[in-house]
Amino acid sequence: MLAENVIEEEKTNLREITYAEAIREATLQEMKRDERVFLFGLDVDDHLGIQGSTIGLNKELGSDRVFGTPLSEDAMTGVAIGAAMAGLRPIHVHIRMDFVLLAMNQLVNIAAKAHYMYEGQVRVPLVIRTMIGRSWGQGAQHSQALHSLFMHIPGLKVIAPSNPHDAKGMLIAAIRDENPVIFIEHRLLYNTKNYVSSDYYSLEIGKARTFTEGKDVTILAVSHMVIEALRTQKLLEQVGISAEIIDPVTLYPMDYETVSESFKKTKRLLIVDNAWLTCGLSSEVMAKMIEMLPEGIDGKPLNMKRMGFAHTPCPTTRELEDYFYPNAVTIAEQAYQMVTGNKLDVSKLSLEDAKEISTFKGPF
Amino acid sequence: MQNIDLTKRLYRSMLLIREIEEYIVKVYFTDVIKSPVHLSIGQEAVASAVCDVMNHDDLVSNTYRCHATYIAKGGNLNEMMAELYGKKDGCAGGKAGSMHLIDIKNGVLGASAVVGTTIPVATGYAFALKQEAKKTGKQRVVVAFFGDGATEEGCFSESINFAALHNLPILYVCENNGLAIHNPIQNRWPTDRIVERVGTYGIITDQVKSGDVFEMRDRTQKLMNFVRSGKGPAFIEIDTYRYKQHVGPADDLNEIYRDLTEYNKWYQNDQVDRLEKMLPEEDVVAIKNEVQALVNEAQQFAEKSEFPKFNDLYSNVYAS
Ligand SMILES: Cc1ncc(C[n+]2csc(CCOP(=O)(O)OP(=O)(O)O)c2C)c(N)n1
C-alpha cells in the first residue's frame, strides 16, 4: 500500500514483505551478527510468534537466546536491564503496550537513568518492543498509545515506524543503540506491505521521513495515522490541494528541522497523532514550532492544528470507536479548512478503502 | 445420596453458561459481535460451583474470561448480550464489550484485560467489606477469580500478603486451565506447587484436581464458611480445561500447543454431560427449555437495543 511512497536510494534485493516479516528479518539478521542479542517476552516462542514477527526464531537461534517468560512484566524488565548492564543486548517484547505500564517503574526509575546516575559506567542497551492495539472492540485497556509517556522521560528513545521498510531499518538501529529504546508497533500495521531490502541495513534514529512533497499543507502523522494521512493526501489531490506528509519515525529525539522546514514552505501544519492530545506529542510539536519560529511565518502567527484520539478512554462498540479515531476523511476536512477556509464536500471524492481496518477481525 | 436440587441447580447454571457461549460461537461469524471473546466452554463447572455457595449480596471479581462468572453469579443476561452487540442497553452501554462485563447490582465487580490487575482491587473491596461488617454485623465476601497465569504477576503475591495481614473476607479462586494463551504452565513455573506457595502467607488453602463440580462446591463451601466468619482470606486452586481457543470462537485442537490426551481426558469428564445423565429426563427437558428461552430473550433484547450515539462517547469520562 505504501510501496510507491517509500523511495529508497538504490536498494537492491527489494521484495514486498509485511511489517511483521520485516521485524522478524531485522531480528534474525541482527541476532546472527551479534551473539549478545537475545529475545524474550511472553509468547515470543509460541506457534503464532507475536503476529509472526518472532516465528521460528527459537528454532533457528536456540531457546537460550529466544524464550518465553512467566506473566511477570515488572520483574522481566528488571531482568532485561540487569542483563543489559552486564553486557547483553536484550529485546523484550510485549503483545500490548498496556502491559508496559506494569514495567514503568523499572523503565523510568532504573533503565532511563542508570547511565546518567553511574556517570557513564553502565549502559542499558535494551529494546522494548510493544504494540498499540485497535479495532474489533479491543476496549479501553487494549487501545492505548502511550508514546508521550516515554517521550517525557530523559534517557529513553522512542521509535514508532509506520511501514515495513522503516520497521526493519529502525529495529536494527534500536538494537545497535546503546540506550533503552521503546520500539512501538501497531496492530493494524503487521499485515501491511512495502518494499524492503533483504540486505542488512539500518536507518538513522532521529530522522524524519517525508513521504510526499506538497506545497499547501504539512501533515505530520504518527504510526498508523501515517497510513490515514497518505489516504488523505489522495483525497486532497482530487480537490487540487497538495499535502506534504511527514512521518517523524523517531518520536524522541524528533527531527524538528524537517518539520519546521516543511512548515515554513507550506505555512500550515496539521499534526495527526495516533494518541490523545493533552500533554502529548502534538503539544510538544506545537511548542517546539513556536520556539523555533518565534516570529511566525511571513510575519503571520503560526497556523497549526492538531488531531488525535477523543479525550476519552477508547470505547468498545464500533459505533463509538469510529468517532474516537481520526480518519482519512476527518483529516482531509481539517486540512481543507486550513487551506481554503471552507468546508470540504467529500461526497464527490473517491476514497480508498481502509483495508487494514475493514478486514481486521481479531481475535488477537 | 444425590441431592437432586443441587444437581439441578448446578446443571442449570453450567448449561446456561454453555448455551450462551455456544450462541456466541454460532453468531460470531456474522459480525454482530465486534469484540474479542474469551470463552469458558469446558470451564463452566468452576464458576457454577463457586457461585453456588455465594449469597446474592457477595461479589465476584473476574477476568476478561468473564462470561461464566457473570452468568453464574446472576448477572443480567439481556444486558450481557446487548453489551456484546455493542448496544446502549448493554451492562456498560457498549463501552466495555465482552472483556469487561459488570453488574454491580448482582455482585459482579468487573474485569480487566490486564492479567492479574483485578486481584488487588478485589482485595481492596474486601477491605471495605470488613469495615462494613463492623457496622452491620453481616460479613459479605468477595471471590476473586483469576487464571494460573495471573499468579505470576507480582500483584497476586502482594495482594495475598496484604489480605492475610488484615484478615480480609476474600476467597481467591485460581482457575487453573494449564494454559496462558498458548503457553503451558510447565514453561512458566518450575513446580506446580501453587497451593503450597500461597500457604506460606499463613492462609488456608485447598485444591481440587478432579474436575468434579460437586467436589469443587464442597471444598469451596468449607473455605467460604471460614472466610465469612471473618477470620481471614482463603485460597483454592481448581483444575479445569478450556475447549476453545484462548480468544475467539473457534476450536483450535489442531494447533500444536494443545495436548490432545489432556483435551480428551477433560472432554470425557464434561460436567454438563455428566449432570445431564444424573437427572430425570423431565428435569433435563425443563431446564433445557428454560435455558433456551433465556438465550432467545437475550438475543432479542440485544438485537432490538439501539447503538450508542456520538454524545455517548464523552459520557462518564469524569464522575460528577
Ligand atoms: C499483564 C498482562 N500480561 C500479558 C497479557 C496477555 N495475556 C492475555 S490473557 C493471557 C493468559 C493469562 O492466562 P491465565 O491467567 O491462566 O488465564 P486464562 O486465559 O487461562 O483464563 C495473557 C498472557 C495480559 N493481558 N496482561
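Note: the structure precedes this text.
Let us look at the structure shown here. These figures come from a predicted structure and were not determined experimentally.

1. Quick notes on the overall build of chain A
Then, number 1: Broken down by element type, chain A carries 13 helices and 14 strands.
Then, number 2: Relative to its length of 364 residues, chain A is compact, with a C-alpha radius of gyration of 20 Å against a globular reference of 21 Å.
Then, number 3: In chain A, buried positions account for 61% of the 364 residues.
Then, number 4: Here the contacts in chain A between residues at least 6 apart in sequence split such that 82% fall between residues at least 24 apart.

2. Observations concerning the sheet that holds strand β4 (residues 170–176) of chain B
Working definition: the strands of a sheet are paired by backbone hydrogen bonds and lie parallel or antiparallel to each other.
Residues and elements named next belong to chain B.
Then, number 1: Taken in spatial order, the 6 strands line up as β2-β1-β3-β4-β8-β7 in an open sheet, and their pairing is parallel. Edge strands, defined here as strands with exactly one partner in the open sheet, are β2 (108–112) and β7 (204–208). Mean inter-strand twist for the sheet, computed between neighbouring axes without regard to direction, equals 15 degrees.
Then, number 2: Most of the contacts of helix α5 (residues 118–136) go to strand β3 (residues 142–147), to which it runs at about 170 degrees, and overall it touches β1 (59–63), β2, β3 and β4.
Then, number 3: Here helix α6 (residues 154–165) sits on the sheet and contacts β3, β4 and β8 (234–239); the angle it forms with β4, its principal contact strand, is near 150 degrees.

3. Let's talk about the environment of Arg-129 of chain A
Residue and element names in this part refer to chain A.
Then, number 1: Examined against the element boundaries, Arg-129 turns out to sit in strand β5 (residues 127–132).
Then, number 2: The exposure class of Arg-129 is buried, given its relative accessible area of 1%.
Then, number 3: Residues Arg-129 and Ala-174, spaced 45 residues apart in sequence, show a C-alpha to C-alpha distance of 10.0 Å.

4. Some details on the packing of helix α3 (residues 73–85) of chain A against helix α4 (residues 104–111) of chain A
Residue and element names in this part refer to chain A.
Then, number 1: Look at α3 against α4: their axes get within 8 Å of each other, and the N-to-C directions meet at 30 degrees. Between α3 and α4, the crossing angle belongs to the class labelled roughly parallel. From α3, Asp-74, Thr-77, Gly-78, Ile-81 and Met-85 reach across to α4, where they touch Gln-106, Leu-107, Ile-110 and Ala-111.

5. Quick word on the site of the ligand
Then, number 1: Neighbouring residues of the ligand: 21 residues in total, closest Glu-73 of chain A together with Tyr-64, Arg-65, Ala-113 and Gly-149 of chain B.
Then, number 2: More than one chain approaches the ligand, the contributing ones being chains A and B.
Then, number 3: Here Ala-150 of chain B contributes a backbone N or O atom positioned 3.1 Å from an oxygen atom of the ligand.
Then, number 4: About the coverage of the ligand: the protein hides 96% of its 580 Å² of free accessible area.

6. A word on the side chain of Asp-98 of chain A
Residue and element names in this part refer to chain A.
Then, number 1: Structurally, the position occupied by Asp-98 is in the loop between β4 (89–94) and α4.
Then, number 2: A polar atom in the side chain of Asp-98 sits 2.7 Å from the side chain of Gln-144.
Then, number 3: Look past the residues within four positions of Asp-98 in its chain and what remains in contact with it is Gln-141, His-142, Ser-143 and Gln-144.

7. A word on the pairing of β8 of chain B
Remember that side chains alternate between the two faces of the sheet whenever the strand is regular.
All names here are of chain B.
Then, number 1: Burial within β8 is extensive, with 6 of its 6 residues counted as buried.
Then, number 2: Every second residue of β8 is oriented toward a common face, with Ala-234, Ile-236 and Ile-238 on one face and Phe-235, Glu-237 and Asp-239 on the other, all of them buried.
Then, number 3: Note: β4 against β8, 6 bridges, orientation parallel. Residue pairing for β8: Asn-176 is matched across the bridge by Asp-239.
Then, number 4: The pairing of β7 with β8 spans 5 bridges and is parallel. Pairing of Gln-207 across the sheet is with Glu-237, part of β8.

8. Quick word on the packing of aromatic side chains
Then, number 1: For the coordinates displayed, the defined rule picks out 20 aromatic pairs over all chains.
Then, number 2: Judged by centre distance (4.9 Å) and plane angle (40 degrees), the ring pair of Phe-309 of chain A and Phe-324 of chain A falls under tilted. Of this pair, Phe-309 of chain A sits in the loop between β14 (304–307) and α11 (318–324) while Phe-324 of chain A sits in helix α11, and the two are 15 residues apart along the sequence. We note that Phe-309 of chain A, like Phe-324 of chain A, is buried.
Then, number 3: Both rings, one in Phe-127 of chain B and one in Phe-162 of chain B, keep their centres 6.1 Å apart while their planes meet at 45 degrees; by these two values the pair is tilted. A residue pair is termed long-range when its members are at least 10 positions apart, and Phe-127 of chain B in helix α5 and Phe-162 of chain B in helix α6 qualify at 35 residues.
Then, number 4: The exposure class assigned to Phe-162 of chain B is partly exposed, which follows from its relative accessible area of 34%.
Then, number 5: Here a set of aromatic residues connected by ring pairs shows up, and it is made of Trp-276, Phe-309, Phe-324 and Tyr-325 of chain A.
Then, number 6: When the ring centre of Tyr-325 of chain A is taken as reference, the NZ or CZ atom of Arg-134 of chain A above it lies at 3.7 Å.

9. Regarding a nonpolar patch on the surface
Then, number 1: On the surface, a cluster of nonpolar side chains totalling about 440 Å² of accessible area is made up of Tyr-116, Met-117 and Tyr-118 of chain A.
Then, number 2: Of note, Tyr-118 of chain A is situated in the loop between α5 (114–117) and β5.

10. What about the interface of chain B and chain A?
Then, number 1: Residue-level contacts link 43 residues of chain B with 33 residues of chain A.
Then, number 2: With both chains or domains summed, chain B and chain A bury close to 3100 Å², and 63% of this area falls on carbon and sulfur atoms.
Then, number 3: At the boundary of chain B and chain A, one finds 1 salt bridge.
Then, number 4: Between Asp-31 of chain B and Lys-361 of chain A there is a salt bridge, with the nearest N and O atoms lying 2.9 Å from each other.
Then, number 5: On the surface where chain B and chain A come into contact, there are 13 residue pairs in polar contact (both at pLDDT 80 or more).
Then, number 6: In terms of residue class, the side of chain B that touches chain A is built from 22 nonpolar, 12 polar and 9 charged.

11. A closer look at the pattern of salt bridges
Then, number 1: Within this structure, the stated rule accounts for 44 salt bridges over all chains.
Then, number 2: One salt bridge connects Lys-215 of chain A with Asp-216 of chain A, and the closest N-O pair in it is separated by 3.8 Å.
Then, number 3: Classification of Lys-215 of chain A by relative accessible area gives exposed; the value is 56%.
Then, number 4: A relative accessible area of 14% places Asp-216 of chain A in the buried class.
Then, number 5: In this structure, Asp-251 of chain B and Lys-244 of chain B form a salt bridge, with 3.0 Å as the shortest nitrogen-oxygen distance.
Then, number 6: By relative accessible area, Asp-251 of chain B is classed as partly exposed at 48%.

12. Side note on the side chain of Arg-188 of chain B
Then, number 1: Here Arg-188 of chain B is to be found in the loop between β6 (183–184) and α7 (194–199).
Then, number 2: In this structure Arg-188 of chain B comes out as buried when scored by relative accessible area, which is 4%.
Then, number 3: A distance of 2.7 Å separates the side chain of Arg-188 of chain B from the side chain of Asp-148 of chain B, its partner in a polar contact.
Then, number 4: A polar contact is formed between the side chain of Arg-188 of chain B and the backbone oxygen of Asn-183 of chain B, at a distance of 3.2 Å.
Then, number 5: Other than its neighbours up to four places away in sequence, Arg-188 of chain B contacts Thr-69, Pro-70 and Leu-71 of chain A together with Asp-148, Gly-149, Glu-152, Gly-178, Leu-179, Ala-180 and Asn-183 of chain B.

Basis of the calculations
- Throughout, residues of each chain are indexed from 1 in the direction in which the sequence is written.
- All chains are assigned letters beginning at A, and all ligands numbers beginning at 1, according to the order in which they are written.
- Residues qualify for local features only when their pLDDT is at least 70, as the model is predicted, and side-chain atom pairs are given and counted only at 80 or more; totals for whole chains, interfaces and linings, by contrast, use all residues.
- In computing side-chain properties, one takes all heavy atoms of the structure into account and sets aside hydrogens as well as water.
- To qualify as a helix, a DSSP run of H or I must reach at least 4 residues; to qualify as a strand, a run of E must reach at least 2; elements of each kind are numbered from the N terminus.
- It is over C-alpha atoms that the radius of gyration is taken, and the globule rule equals 2.2 Å times the number of residues to the power 0.38.
- Here the term buried applies to any residue with accessible area under 20% of the maximum for its type, exposed to any over 50%, and partly exposed to those in between, with areas from a 1.4 Å probe on protein chains only.
- Note on contacts: a residue pair qualifies if any of its non-hydrogen atoms lie within 4.5 Å across the two residues.
- Only strands joined by at least two bridges in the DSSP assignment are considered to pair.
- A fitted line through C-alpha atoms serves as each axis, taken over the contacting stretch for helices, and the angle formed by two N-to-C directions is quoted from 0 to 180°.
- Between 65 and 115 degrees an angle is taken as roughly perpendicular, under 35 as roughly parallel, over 145 as roughly antiparallel, and anywhere else as oblique.
- In these notes, residues near a molecule or strand are those with any non-hydrogen atom within 4 Å of it.
- Any N or O atom pair separated by 3.5 Å or less is treated as a polar contact, with the protein-specific requirement of one donor-capable and one acceptor-capable atom, and with residues adjacent in sequence counted only for side-chain atom pairs.
- Note that accessible areas follow from Shrake-Rupley with a 1.4 Å probe, and for residues the cover is restricted to the protein chains shown.
- Classification of ring pairs uses Phe, Tyr and Trp, with its six-membered ring standing for Trp, and accepts pairs whose centres are within 6.5 Å; under 30 degrees between planes counts as stacked, over 60 as edge-to-face, and the remaining range as tilted.
- Criterion for a charge above a ring: Lys NZ or Arg CZ within 6 Å of the ring centre, and within 35 degrees of the ring normal.
- Here the term patch refers to residues with relative accessible area over 30% and no salt bridge, with like charges joined within 9 Å and nonpolar side chains (Val, Leu, Ile, Met, Phe, Trp, Tyr) within 5 Å.
- Salt bridges, as used here, are contacts in which a Lys or Arg side-chain nitrogen is within 4 Å of a carboxyl oxygen on Asp or Glu.
- Note: buried area is the sum, over both parts, of the accessible area (probe 1.4 Å) each one loses when the two are combined.
- Three residue categories are used. Nonpolar comprises Ala, Val, Leu, Ile, Met, Phe, Trp, Tyr, Cys and Pro, charged comprises Asp, Glu, Lys and Arg, and polar comprises the others, including Gly.

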